[in-house]
Amino acid sequence: MVEAATDDGQYDILILGAGLSGIGMACHLARDCPGKRVGLLERRQALGGTWDLFRYPGVRSDSDMLTFGYAFRPWNELKVLADGPSIRRYIEETAREYGIDRAVRYGVDAIHATWSSERRNWTVTVRSVATGLLSTLECRFLIACTGYYRYDDGYLPDYPGLSAFQGCVVHPQHWPEDLDYRGKRVVVIGSGATAVTIVPAMAIDAAHVIMLQRSPTYIFSIPSRDKISAVLKYILPAAWVYRLARKRNIALQRFIYKAAQRWPQQVGALLRKAAGRQLAGQANLDDFTPRYAPWEQRPCAVPDGDLFKAIREGKVSVLTDTIDTFTAHGIRLQSGRQLDADIVVSATGFQLQSLGGMTLDVDGVPRVASELMTYKSVLLQDTPNMAVIFGYANASWTLKVDIAATYVCRLLNHMNSQGIAVSTPRAPPGLRLEETILDQLSSGYVRRGGRAMPRQGRAGVWRVTHNYETDRAMLLRESIDDDALLFER
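Residues numbered from 1 in each chain as written. Predicted model: local features only at pLDDT ≥ 70, side-chain atom pairs only at ≥ 80, totals over all residues. Heavy atoms only, no water.

Chemist: Looking at this structure, how should I read the layout of surface pockets?
Modeler: A water-sized probe rolled over the atoms picks out the places where empty space is left. Here the second largest pocket defines a volume of roughly 960 Å³. Taken together, 39 residues line the second largest pocket, and the ones lying closest to its centre are Phe220, Ile222, Leu252, Gln253 and Ile256. Elements that contribute at least two residues to the lining of the second largest pocket include exactly strand S11 (219-222), helix H6 (227-232), helix H7 (238-262) and helix H8 (264-279). Looking at which element gives the most residues to the lining of the second largest pocket, the answer is H7, with nine residues. By residue class, the composition of the lining of the second largest pocket is 24 nonpolar, seven polar and eight charged. (1 Å grid on protein atoms, 1.4 Å probe; cavity = no way out; pocket = protein on both sides within 12 Å on 5 of 7 lines; lining within 4 Å. Points joined across faces, edges and corners; volume = space filled by probe spheres on them. Helix = DSSP H or I, 4+ residues; strand = E, 2+ residues; numbered from the N terminus. Nonpolar A, V, L, I, M, F, W, Y, C, P; charged D, E, K, R; others polar.)

Right under this line is the structure:
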């Protein structure tokens, strides 16, 4: 359990964000660093982060829950891709179990943090979302668990002629609770995980749904239920079944990713062949044939082929084209085709942002995250007593969160045992590259806003590898003492 917060604004550790990452980080602290005064700042009025924000039809995980759930708290349901409400409930129950829910300050936005070398602490300026009033909190160690996109605004392109459209335009990040799409003609713009989730969900009640994509995405079907674990639960203890299934899924994820990196053409051909079998001749396979190699962008999993099924049944159409202009009753494409629509869903992604938009300085000297490298992909270069928790882009987000949080706890316990007050990663000159930690992906959101992310280093502890095996060795087994990590006793 974390120590109960008080109202004096003084903390040992302050966590920014009470979503999947923030709650996970706080739980690791409760387990491995008991007795610390821990606080969490959450700008929304509920914990859950992404899983409280997104309320669009069919919202679900895009990774299997055995690896998306926390390593320390098993996901024991048999559903492979869980729906949003189930994930939000799982996060809430985890927070209650470890007493984290009592440590969260809601409706508070961290806008600036300043480190004082004299006092050896952070002063965080926060703003009340409700009143706009400013106040300050202090902590010895600061941990940003804010993800990498802006919660306030999703990405909405500057569509030509949008003002002429007489229908309704919505962005999944801000879904209206009262949106009635029963019997309506719907166009969903986009082809990523959000689009392939929304399209079959809306197709159940809509008159027809068109998925309009600028370029295709790799889409593949997975079982909605873990049938192997269901059988094993009859003959083995549930804890054993969970551990075996989690190891199996991690190994399978890593194998598929490595195979795609080594044999991109062959893996791409297999994915296209599988899509062709699912479509059964009811759609143009070119609309499911991307122009890039697998894992240059994240592929999309659909449970029991629900998107393909909706296409076969005639409820959904997929078009690859670009928008010429919106019209009064829909969208005119560059090909000249007119798409009539009552509702247009712009599933066009999000806008990247570091540290939730918060700014930093160290003794009055600014520290800009997008100009800095990360140390072991967890600490921020030249920034004392601060960690930044990012998940994986090429695997389940939480796999990285768990091992990064474990490393932070190892670091804190080492500092306590050795009488160390401050730890600061220091990089030799000439290591920083212009590429960012997300540059391995060619997704639209990376091309648009990748410059907001921390920079990559040339090698070693300054390079983010996105490699689970390498990261486990580096974060869980390597010594905390390191020439690049400066300690002040």
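Chemist: Sorry if this is basic, but what is going on with the pattern of salt bridges here?
Modeler: When their charged atoms lie close together, side chains carrying opposite charge are able to pair. Counting across every chain of the model gives 23 salt bridges. Arginine 43 is the partner of aspartate 109 in a salt bridge, and the nearest nitrogen-oxygen pair spans 3.4 Å. Separated by 66 residues along the polypeptide, aspartate 109 in strand S4 (residues 108-116) and arginine 43 in the loop between strand S2 (38-42) and helix H2 (50-53) bring together distant segments of the chain. We classify arginine 43 as partly exposed; its relative accessible area is 22%. (Salt bridge = Lys/Arg side-chain N within 4 Å of Asp/Glu carboxyl O. Buried < 20%, exposed > 50% of the residue type's maximum accessible area, 1.4 Å probe, protein only.)

Chemist: Explanation requested: helix H1 (residues 20-32) in the structure shown.
Modeler: An α-helix turns once per 3.6 residues; consequently, residues spaced three or four apart project the same way. Between its first and last C-alpha, H1 extends 18 Å over 13 residues, near the 18 Å set by a 1.5 Å rise per residue. Burial within H1 is extensive, with 11 of its 13 residues counted as buried. By the burial criterion, the buried members of H1 are Leu20, Ser21, Gly22, Ile23, Gly24, Met25, Ala26, Cys27, His28, Leu29 and Ala30. Structurally, H1 contributes buried residues whose contacts are with strand S1 (10-16), S2, helix H3 (65-68), helix H4 (84-97), strand S6 (134-144) and helix H10 (397-418). (Expected span 1.5 Å × (residues − 1). Contact = heavy atoms within 4.5 Å.)

Chemist: How do you make sense of the packing of aromatic side chains when you look at a structure like this?
Modeler: To describe a pair of aromatic rings, you give the distance between the ring centres and the angle between the ring planes. Applying the stated criterion across every chain, the model contains 16 aromatic pairs. Between tyrosine 70 and phenylalanine 72, the ring centres sit 5.0 Å apart and the planes meet at 15 degrees, which makes this aromatic pair stacked. Accessibility classification places tyrosine 70 together with phenylalanine 72 in one group, the buried group. Every member of this aromatic cluster is reached through a ring pair, and the members are Tyr70, Phe72, Trp75, Tyr90 and Tyr98. (Phe/Tyr/Trp six-rings, centres within 6.5 Å; stacked < 30°, edge-to-face > 60°.)

Chemist: Explain the pairing of S6 here, please?
Modeler: Within a regular strand, the side chains alternate between the two sheet faces. When S1 meets S6, the two strands line up parallel, connected through six bridges. Within S6, the residue paired with leucine 14 across the bridge is leucine 142. Bridge count between strand S5 (residues 121-128) and S6: six bridges; the pairing is antiparallel. Note on S6: the bridge partner recorded for threonine 125 is threonine 136. Hairpin geometry of S5 and S6 is characterised by an intervening segment of five residues between the two adjacent antiparallel strands and by a positive phi of about 80 degrees at glycine 132. As judged from the three bridges shared by S6 and strand S23 (residues 386-388), these two strands associate in the parallel manner. Within S23, the residue paired with alanine 144 across the bridge is valine 388. (Pairing = 2+ DSSP bridges.)

Bear in mind that shape data such as this cannot, by itself, settle questions of function.
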